[in-house]
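Structural overview for review
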Amino acid sequence: MVPCLLRGSRHGLCKIDMNYQWYPGHMTKAKRMMQENIKLIDLIIELVDARIPVSSRNPDINELGRGKSRIVLLNKSDLADEIRNQQWRNHMESEGVYVLEVNSKTGAGIKAINALVQKACAEKIERDRKRGILNRPVRAMVVGIPNVGKSTFINSFAGRACTKTGNKPGVTKGKQWIRLNSKLELLDTPGILWPKFEDRVVGMHLAFIGSMNDEIVIIDELACELLDSLRMSYPDSVTGRYGITWGADAPATLEEIARSRGCFLKGEALDLKKASGLLLDDFRSGRLGRITLERPEGLV
Ligand code: G4P
């Protein structure tokens, strides 16, 4: 276990032990694999979670993907605030990033990717053309942090019609490519990036969306942090869902939720852990509404 301290939580230090997924050994291996694979590709398709577009990115990708075209997909956009999705899109586009909102689960938004790939790789295609190389497909790799939806995306984007092209001697030894169409091939193994979870806010946001094992966090503290965050930006999400009013503070509100949902231990005592689990579940599955926890700098 790798201990990571989320500093400054409401009770001093909230200790989070990262589960097996977060072993440094795994990170080193994943990074090495990505470095190897990145040499083979023209384009990086980077998935971020639309609810936390900052915390679900890894700045290392800028270094790793230097010289490659890039498309950012705001995945799970169905769970995120529509207005914020648009704001994030505008913000990223203003920084010269190609970006799309997608829902990998239903496939919404995915059709638009092919045209964007051609746009993002226009220079490379033109370079090829000048060298007399016609119709060489763009090679892309999907990258993102664990649980952001990479496998779901690849399945949805590739669909059933795709064919695996197999190993190409010399060039792509040992790699499986999925030919999506005559213009695009996808490396079928996604690249795993690691979030900057040592940062308190990043760690918290990842825990809210369920990217960390709940067994490693103190669930009622996490629920209270989420309540504080929702009270500021989406106050009606909680009062509307549970038919309560906001308490004096987050623990008091959590008690209200426990009462309204009948979460009791033996006797009259409230089961706050159960209420916390309900709240987090409702948030993660979108039952509190479409919520985005991070906004582009400078926007209210
Ligand atoms: P990974 O490869 O990046 O680790 O992620 P993976 O595809 O396994 O997806 C993680 C979870 O996110 C899955 O849910 C998946 O269904 C869900 N997911 C992926 N993309 C989207 C999206 O655009 N919208 C929504 N709402 N969910 C998405 P799960 O609970 O682990 O499994 P299940 O719900 O599919 O049974």
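Refer to the structure presented above.
The notes below deal with the structure included here. (Residues numbered from 1 in each chain as written. Predicted model: local features only at pLDDT ≥ 70, side-chain atom pairs only at ≥ 80, totals over all residues. Heavy atoms only, no water.)

1. Some words on the packing of helix H7 (residues 200-209) against helix H8 (residues 219-233)
Here is the rule: Each axis is a line fitted through C-alpha atoms, and for a helix only the stretch in contact is used; angles between axes span 0 to 180 degrees, taken between their N-to-C directions. Helix numbers and strand numbers start at the N terminus; a helix is a DSSP run of H or I with at least 4 residues, a strand a run of E with at least 2. Reported orientations rely on four angle classes, namely roughly parallel under 35 degrees, roughly antiparallel over 145, roughly perpendicular from 65 to 115, and oblique for the rest. What makes two residues a contact is simply this: any of their non-hydrogen atoms within 4.5 Å. Three categories are distinguished: nonpolar for Ala, Val, Leu, Ile, Met, Phe, Trp, Tyr, Cys and Pro, charged for Asp, Glu, Lys and Arg, and polar for the others, with Gly belonging to the last.
Two elements in contact, H7 and H8, have axes separated by 10 Å at closest approach and are oriented at 100°. It follows from the interaxial angle that H7 and H8 lie roughly perpendicular. In this structure, H7 uses Arg-200, Met-204, Ala-207 and Phe-208 to contact H8, whose residues at the interface are Leu-222, Glu-225, Leu-226 and Ser-229. Looking at the contact of H7 with H8 residue by residue, the class counts come to 5 nonpolar, 1 polar and 2 charged.

2. Quick word on the site of the ligand
Note the following rule: For this purpose, a residue is taken to be near a molecule or strand whenever a single non-hydrogen atom of the residue falls within 4 Å of it. Contacts described as polar in this section are N or O atom pairs within 3.5 Å, which, within protein, must combine one atom able to donate a hydrogen with one able to accept it, while residues neighboring in sequence count only if both atoms come from side chains. We get accessible surface area from the Shrake-Rupley algorithm with a probe of 1.4 Å; when it comes to residues, only the shown protein chains can shield them.
Taken together, 15 residues sit near the ligand, with Asp-78, Ser-104, Lys-150, Ser-151 and Thr-152 positioned nearest. At 3.0 Å, a side-chain N or O of Lys-76 approaches an oxygen atom of the ligand. In the environment of the ligand, an oxygen atom lies 2.8 Å from a nitrogen or oxygen atom belonging to the side chain of Lys-150. Burial of the ligand by the surrounding chains reaches 62%, relative to a free accessible area of 710 Å². A per-element tally of the shell around the ligand places helix H6 (residues 150-158) first, with 3 residues. Taken together, the residues of the shell around the ligand sort by class into 4 nonpolar, 7 polar and 4 charged.

3. Observations regarding the side chain of Ser-69
Test applied: Accessible area is worked out with a 1.4 Å probe on protein chains only. A residue is then buried under 20% of its type maximum, exposed over 50%, and partly exposed in between.
The residue Ser-69 is located in strand E4 (residues 69-75) in this model. Given a relative accessible area of 19%, Ser-69 falls into the buried group. Among the polar contacts listed, one links the side chain of Ser-69 to the backbone oxygen of Ala-120, at a separation of 3.1 Å. Residue contacts for Ser-69: discarding those within four places in its chain leaves Asp-42, Leu-43, Ile-44, Ala-120 and Cys-121.

4. With respect to the packing of aromatic side chains
Worth spelling out the cut-off: Between rings of Phe, Tyr and Trp, where Trp is taken as its six-membered ring, a pair exists when centres lie within 6.5 Å; planes separated by under 30 degrees are stacked, by over 60 edge-to-face, and by other angles tilted. Counting as a charge over the ring demands two things of the Lys NZ or Arg CZ atom: a distance within 6 Å of the ring centre and an angle within 35 degrees of the ring normal.
Per the stated rule, a full pass over the model turns up 1 aromatic pair. Geometrically, the ring pair formed by Phe-153 and Phe-157 is stacked, given 5.3 Å between the ring centres and 25° between the ring planes. A residue pair is termed a helical-turn pair when its members lie 3 or 4 positions apart in one helix, as Phe-153 and Phe-157 do in helix H6 at 4 residues. The class of Phe-153 is buried, set by a relative accessible area of 0%. Between the NZ or CZ atom of Arg-139 and the centre of the ring of Trp-177, over which it lies, the distance is 5.0 Å.

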